[in-house]
Structures are given as structure tokens and as C-alpha cells.
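Here are the chains, one letter per residue:
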Amino acid sequence: MRAVDIIVAKREGRELSREEISFLISGFVAGSIPDYQVSAWAMAVFFRGMSPGETAALTEVMLNSGERMDLSGIGGPLVDKHSTGGVGDKTSLILAPLAASLGLRDPMMSGRALGHTGGTLDKLDSIPGYRTSLSPAEFREIVARDGFAMTGQTKDTVPADRLLYALRDVTGTVESIPLITASILSKKKAEGTEALVLDVKYGAGAFMKDPADAEKLARSLINTGAALGLKIIALLTNMNQPLGSMVGNFLEVEECYACLDPALYGDAALGLSADLMELSLELTARMLMLGDKAGSPEEGRRLCLEALKSGRPRELFLRNIESQGGDRGRFLAMLGNYRSPHRSEIFAREDGYIFRIDAWKLGHAGIGLGVGRNRSEDPVSPQAGVQFHKKAGAPVRRGDLLMTVWGKDREGLKAAVPLIEQAVEYSAAKPLPEQLVMKEIRHG
Ligand code: URA
């Protein structure tokens, strides 16, 4: 077999065999097929696409390029969630302890912030002492004991994806549905989960701006996931605006801890975290269905609300901090005050209503603040971020306080403030609320 024949076959739109895909990917990982040939192949895939059979074969070949977590025999259905990424998207930190409190086991392997989207690992790294690079044995032990663990990929987890993603990033081939599908699902299968709820986002702050493209990606993920033996459901969800009341690393951890307060599930109001909690409940309800703990989304939500009132998820959140090397007393003492000294405020520039806070613009401003990064090797700041005091739909008068902003340094803050101001759109009439969950997609 020759790599050039495989490239030409894909260029001409022919369906590749599993052997051809395996030859190319294994040769790439072993170093016998050079970057330039794999780049040409990725571009051919970008334009020609892949059949469901090819996508499943690529996912399996990538999965077999590295080590897989062995979670056999730990008890409890293994169910995880994957989000295609957003701004203020922190549902993992809420739904993992919530699902664990209801008998699921969530082996969560996550990624880092890149571009305008945040990353779960950077949020967790903002907790002093918290370790996000667990050994396979530690990962297994913590999932078994606490019901969930949160870790990053090791160098041996799907090396084919690490190498291919780096190449796609610099060759204009990231936005290919079969390549995204194989990238996401090979990593999810490697972490050892049996079932997966997908949060596929569309809108200004999402990878896929158009809901129709997001649906195509969701269907590809569902068909390939099912072909690989995963129980799988997708929700198509709105990412036009940041989720919740905070964007930042420690700020988002803090918001999730606040959302797990049992008092909020009596009479107290969730305030600006209501959308975050609504999405977390919708996703956890589907996780419970996949794990055979609930027969419908309604039953799943009811179970979640009962669990939240009991305080068990909040206790599991704190227990996980300790299991992964943090200190609960120190964490609790940091709430409300672990902020950068470089602080500014954003005020309304018009009378009327907030029409929208554009997630893409805010996410990009966040890179300058130190919340996110442009290149994977750049550092982020645990103490930077934005707290919203008003969100879309709120009436405002010129001069009202809209946001408090913390930057990693004075220069970053100064550069980000005008960008954040540009993210706020005003209207004279009250805007209609945007739908948070557009559609549920199941297999078959
Ligand atoms: N996220 C991934 O993990 N892989 C992709 O290819 C795109 C988004």
C-alpha cells in the first residue's frame, strides 16, 4: 500500500477501506508517513467527506492507537457528557456530582481552553492543589469511590488524535464533520464510558454557527457512537450568549459550587445562573435515562431536583476536590475573594434593554483577560474573568453596572474592556427569550 494512492482515492471521492485508513493513521503515528501526506489526505476528507462506515473505521483506528482506561467491574452505569464547547459552559462541574449522587459513574476526561472557548481542566486547575493529571489507577479508584473523577488526556490517550488535531489546526481542516466525529468519539471511548450525552452547540459562540450544521455533526456523532457500541443521545443547544453569571476559571468553579446549594431548590432564586442550571438539568436527565435510572426527561429532572435539595451533590463536589489533591477548607475560604487585583467595571451605554451579550466577542475578549488562550502552550490566569450583573432581556438605564471584569494584568484588562463593551447589544423593545434546548436527537 502507498499513502499517495490513498490520498488520490479520497481526492477522487472513493470510499476508503478500513485497511487503507489503518495504514495511513498507523504510519502517521509511527512516523513512517510524513505530515505533508496526512495534511493532503485531511484536506481531501474535508472536501469529499467520509461515509458512516469510514468514519467508524477511522474512530476505531484512532482509538486503538493508544491506551484505554479499564473501568470494568467498578459498578454503576458509566455515563459521561461531551460538549462541543462554549463560553461560560461549565455544566460538567455541576452534572458530574449530580449524576454521581444518583448512582451513575462519570469517568470525565476533559480538555483545555482554546480560542474563545473555555476548558474544564483550566477551571479545575484554578483550585489550589487540585490535580488534573491522574494516573489510570487513580482515575479508576476515584470514579469507583466518589462516582466521578476529572482528568486530562495523557500522552498515551489516543496519540493519533493529538498528532492529527495539531496538523488539522494549521492546515484549515478542523471543520470537517467526520474528522471532528472521530476525534471526539475516540477520546470518549478511550476514557471507558459506556454511554454518552452530547451537548452540540450552535450560535455565535459555538464551533458550528448554524443549527443545521450542528445537527449534521450531532447525527454523525450519534451514528458513529452507536456503531461503536455507545448508548448515546444529543441535545442541540443555544450558544449565542455566555451561560450563567460568570466567565473565568475560578469564577466558574465558584458559580457551580453556588448552584449546588440545596437552599436554591426551595424558594431561593437561581438568578443569572438559571440558564446554566436549566441546561445542566436537561443534560443530567438524559444521562440518567441512558444509565436506566430514569424513564423520561421529566422523571430525570425530578430525581435531580430531589438530589439537589438533599445536598448530596454539593458534598460530592467537595469530596472530589479532596480526592484530587485540593483542600476543602482552603477552597471554601477562597469563595468570593479569589480575584485578580486588576479590576474594572462595564456600564450600560444606552437606555432600553440588553438585547444580547455576544458569546463569541466576549470569549475573544476573555483571551486578553487571561481566561483563555490562543495557542495550546499559553498560560491562563485562575483569577481573571467576567461577572455579569445583568443579562439579555434586562431593562437598563445608561450608566447602570453591567459587569465586573478582572484581568491577568493591567494591560490585558485595558485591551479587553472595549471588546467587552462591543459584545453588548441593546434594543428599544424587550427581546424575546432565546430557546436554550432546540432539539433532542436519538439514534435510529
Ligand atoms: N473537539 C475535539 O475534540 N476534536 C475536534 O476535532 C474538534 C473539537
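Residues numbered from 1 in each chain as written. Predicted model: local features only at pLDDT ≥ 70, side-chain atom pairs only at ≥ 80, totals over all residues. Heavy atoms only, no water.

### Description of the domain arrangement of the protein
And then number 1: By the assigned domains, the protein splits into domain 1 (3–49), domain 2 (79–332) and domain 3 (342–427).
And then number 2: Between the C-alpha centres of domain 1 and domain 2 the distance comes to 32 Å.
And then number 3: The largest share of the area that domain 1 buries against domain 2 comes from Phe28, Val29 and Phe46, three residues that together contribute 42% of it.
And then number 4: Here domain 1 is connected to domain 2 by zero salt bridges.
And then number 5: The interface formed by domain 1 and domain 2 contains zero residue pairs in polar contact (both at pLDDT 80 or more).
And then number 6: Mapped onto the side of domain 1 that touches domain 2, the elements with two or more residues apiece are helix H2 (18–30) and helix H3 (35–48).
And then number 7: It is H3 that provides the largest number of residues to the side of domain 1 that touches domain 2, a total of eight residues.
And then number 8: Looking at side-chain class alone, the side of domain 1 that touches domain 2 contains nine nonpolar, two polar and one charged residues. (Domains from an automatic or database assignment. Buried area = accessible area lost by both parts, 1.4 Å probe. Salt bridge = Lys/Arg side-chain N within 4 Å of Asp/Glu carboxyl O. Polar contact = N/O pair within 3.5 Å; in protein donor to acceptor, adjacent residues only side chain to side chain. Helix = DSSP H or I, 4+ residues; strand = E, 2+ residues; numbered from the N terminus. Nonpolar A, V, L, I, M, F, W, Y, C, P; charged D, E, K, R; others polar.)

### Points about the sheet that holds strand E11 (residues 401–407)
And then number 1: The strand order across the open sheet built from four strands is E6-E9-E11-E7, with neighbouring strands paired in antiparallel fashion. Looking along the sheet, the strands with just one partner apiece sit at the ends: strand E6 (246–248) and strand E7 (342–347). Each strand of the sheet is rotated relative to its neighbour by a mean of 15 degrees, with strand direction disregarded.
And then number 2: Two elements, strand E9 (residues 385–388) and E11, share four bridges in a ladder whose sense is antiparallel. Each residue of the ladder has a partner; that of Phe388, found in E11, is Met403.
And then number 3: Sitting on the sheet, helix H11 (residues 249–259) touches E6, E9 and E11, and the angle it makes with E6 is about 140 degrees. (Pairing = 2+ DSSP bridges. Axes fitted to C-alpha atoms, helices over the stretch in contact; angles between N-to-C directions. Contact = heavy atoms within 4.5 Å.)

### Looking at the pattern of salt bridges
And then number 1: Enumeration over the complete set of coordinates arrives at 38 salt bridges.
And then number 2: Across the pair Lys10 and Glu54 runs a salt bridge, and its minimum N-O distance is 3.0 Å. Here Lys10 is found in helix H1 (residues 3–11), whereas its partner Glu54 is found in helix H4 (residues 52–63), with 44 residues between them in sequence.
And then number 3: A relative accessible area of 3% means that Lys10 is categorised as buried.
And then number 4: Of the charged contacts, one joins Arg339 and Glu254 as a salt bridge, the two residues approaching to 2.8 Å between their closest N and O atoms. Of this pair, Arg339 sits in the loop between helix H15 (328–334) and E7 while Glu254 sits in helix H11, placing them 85 residues apart in sequence.
And then number 5: One salt-bridge network, held together by shared partners, links Glu278, Glu282, Arg286, Arg301, Glu440 and Arg442. (Buried < 20%, exposed > 50% of the residue type's maximum accessible area, 1.4 Å probe, protein only.)

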